Amino acid sequence: MNTFLQVLTNGIMLGSLFAIVAVGLTLIFGIVKVVNFAHGEFLMVGMYLTYVLTTWMGIHPFATVILVAPALFVLGALTQRFLIQPLMSADDDHIQIFATVGLSTALINLALLIFGADIASTPASGLRTPLQLGPVRLLSGQLAILIASVAIVLALQLFLSRTQTGRAIRAVAQNRAAAQLMGINVNWIYILTFGVGAACVGVASVLIAPLYPTSSGIGTYFVLTAFVVVVLGGLGSIGGAFAGSMIIGLIDSFAGFYIGSDLREVAVFSVFLLILILKPSGLFSSRLNLSHVSP
């Protein structure tokens, strides 16, 4: 029984890790309707910033969030304003996707130019300390990720449903033309949304950097699963992204323990494909969609 509880806990911790990466991705898609293929590289940039601030300036990894999150917000806002927005009126929507792929490649090569191909390790500062909670063990950093992922999802839901700006964002997600007629500056909403989505990735990078080695290709590992989570939970659904993350985390954990570590991804993508066949819109799209957050 203790083994089952440990595997279950590992799955929840892994799911919360995926959730904190996927939330920003689904927010951007839900509003701007752009699949950001540079999302993983935003995470990589945030992890390198955390590494630099921690190792070169001696700041605690979690304290770097006050600098990393705003920096990623600016990066996201600039990406939308100067890369995506000029292409919004293009006849072919795929041009925007190609633009983010180009940005992804540019950021990877910029990281290689600055930091080289060596792996950078952010000091853990006690975040790898084992915690014994009844019959299960976990790292203090994993617990922090779980708490942060729940807090971010709740904060975004409250922001979208309780603030004037959040209502404007939901209006744009629901009907861009009608929102413009109501006096909402749609371009500004897009810039703000892209910035907030990137800032969420900044928070994720601060939490992940002490637990995972940083390299130019680190974003690919996380963003691939994040795309699976976003599609599984329902494109544009914040709550669905969180629920999908937990499902993927549990499947990964149980498959890795009971079937074999080499077959974890096989199990994850098999379930993913099965759900897509049975419900292509995602498991939670009908009731958790971003444009239908309860007022």
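Since this is a predicted model, take the numbers as computed values, not measurements.

## Points about empty space enclosed by the protein
The full count for this structure, using the stated rule, is one cavity of 30 Å³ or more. The calculated volume of the largest cavity comes to roughly 30 Å³. If you trace the largest cavity, you find it lined by L27, L156, F159, L160, I169, T193 and V196. Secondary-structure elements contributing two or more residues to the lining of the largest cavity are helix 5 (140-162) and helix 8 (186-208). Looking at which element gives the most residues to the lining of the largest cavity, the answer is helix 5, with three residues. Residues of the lining of the largest cavity, tallied by class, amount to six nonpolar, one polar and no charged.

## Concerning the layout of surface pockets
Once rolled over the atoms, a probe with the size of a water molecule shows which space is left empty. In this structure, the largest pocket encloses a volume near 320 Å³. Looking at the largest pocket, it is lined by 17 residues, and the ones nearest its centre are N10, L14, Q142, Y212 and R264. Those elements that provide at least two residues to the lining of the largest pocket are helix 1 (2-32), helix 5 and helix 10 (238-258). Among the elements that make up the lining of the largest pocket, the one with the highest residue count is helix 1 (six residues). Class assignment of the residues belonging to the lining of the largest pocket gives a composition of 10 nonpolar, five polar and two charged. Volume-wise, the second largest pocket comes out at about 220 Å³. Along the wall of the second largest pocket there are 14 residues; nearest its centre are Y221, T225, D252, E265 and F269. At the level of elements, helix 9 (218-233), helix 10 and helix 11 (264-278) are the ones that each hand at least two residues to the lining of the second largest pocket. No other element matches the five residues that helix 9 contributes to the lining of the second largest pocket. Its residues assigned to classes, the lining of the second largest pocket shows seven nonpolar, three polar and four charged.

## Re the packing of aromatic side chains
According to the stated counting rule, one finds eight aromatic pairs in the structure shown. Geometrically, the ring pair formed by F4 and F254 is tilted, given 5.4 Å between the ring centres and 45° between the ring planes. Separated by 250 residues along the polypeptide, F4 in helix 1 and F254 in helix 10 bring together distant segments of the chain. F4 sits in the partly exposed class, given a relative accessible area of 37%. When the centroid spacing of 4.1 Å and the interplanar angle of 10° are considered together, the rings of Y48 and F115 count as stacked. In this pair, Y48 is assigned in helix 2 (residues 39-57) and F115 in helix 4 (residues 94-115), connecting sequence segments 67 residues apart. The class for Y48 is buried, based on a relative accessible area of 4%.

## A closer look at the pattern of salt bridges
As enumerated under the stated definition, the model contains one salt bridge in all. For the salt bridge of D252 with R264, the shortest nitrogen-to-oxygen distance reads 3.3 Å. With D252 in helix 10 and R264 in helix 11, the pair connects residues that are 12 residues apart, well separated along the chain.

## A few points about helix 3 (residues 65-84)
When helix 3 is considered as a whole, its buried residues turn out to be V68, A69, L72, G76, A77, T79, Q80 and I84. Mapping the buried residues of helix 3 onto a view down its axis gives an arc of 165°, with all of them on the same face. Away from the buried face of helix 3 by more than 90 degrees, exposed residues I66 and F82 are located. Contacts from the buried residues of helix 3 go to helix 1, helix 2, helix 4 and helix 8.

## Quick notes on the packing of helix 2 against helix 3
For the pair helix 2 and helix 3, interaxial distance at closest approach is 10 Å and the crossing angle is 145°. Taken as a pair, helix 2 and helix 3 cross one another with a handedness that is right-handed. Residue-level contacts link F42, V45, G46, L49, T50 and L53 of helix 2 to L67, V68, A71, L72, L75, G76 and T79 of helix 3. Looking at the contact of helix 2 with helix 3, its residues break down into nine nonpolar, four polar and no charged.

## What to know about the nonpolar core
If you look at the biggest cluster of nonpolar residues, it comprises 75 residues, and the most contacted ones within it are V21, I31, V32, F42, L43, L156 and I208. In terms of residues, this core owes the most to one element, helix 8, which gives 13 residues.

## Side note on the environment of T26
With respect to the helices and strands, the residue T26 is situated in helix 1. Residue classification places T26 among the buried residues on the basis of a relative accessible area of 0%. Spatially, the C-alpha atoms of T26 and G236 are 4.9 Å apart, while their sequence positions differ by 210 residues. In this structure T26 touches V230, G234, L235, G236, S237, I238 and A241, once residues within four positions along its chain are discounted.

## Things to note about the UniProt feature "transmembrane region" (unreviewed entry) in the chain
Listed under "transmembrane region" (unreviewed entry) in the UniProt record, and renumbered for this structure, are residues 12-35, 65-84, 96-119, 139-160, 188-212, 218-235 and 266-284. Structurally, residues 65-84 comprises 100% helix and 0% strand, and the distance from its first C-alpha atom to its last is 26 Å. The span residues 188-212 is 84% helical and 0% strand by assignment, and the distance between its end C-alpha atoms comes to 35 Å.

Cut-offs applied
- Residues numbered from 1 in each chain as written.
- Predicted model: local features only at pLDDT ≥ 70, side-chain atom pairs only at ≥ 80, totals over all residues.
- Heavy atoms only, no water.
- 1 Å grid on protein atoms, 1.4 Å probe; cavity = no way out; pocket = protein on both sides within 12 Å on 5 of 7 lines; lining within 4 Å.
- Points joined across faces, edges and corners; volume = space filled by probe spheres on them.
- Helix = DSSP H or I, 4+ residues; strand = E, 2+ residues; numbered from the N terminus.
- Nonpolar A, V, L, I, M, F, W, Y, C, P; charged D, E, K, R; others polar.
- Phe/Tyr/Trp six-rings, centres within 6.5 Å; stacked < 30°, edge-to-face > 60°.
- Buried < 20%, exposed > 50% of the residue type's maximum accessible area, 1.4 Å probe, protein only.
- Salt bridge = Lys/Arg side-chain N within 4 Å of Asp/Glu carboxyl O.
- Arc of directions from axis to C-beta.
- Contact = heavy atoms within 4.5 Å.
- Axes fitted to C-alpha atoms, helices over the stretch in contact; angles between N-to-C directions.
- Left-handed = near helix turned anticlockwise from the far one by under 90°.
- Core = buried A, V, L, I, M, F, W, Y, C linked by side-chain atoms within 4.5 Å.
- UniProt positions renumbered as here; feature names shortened; annotations may be inferred.

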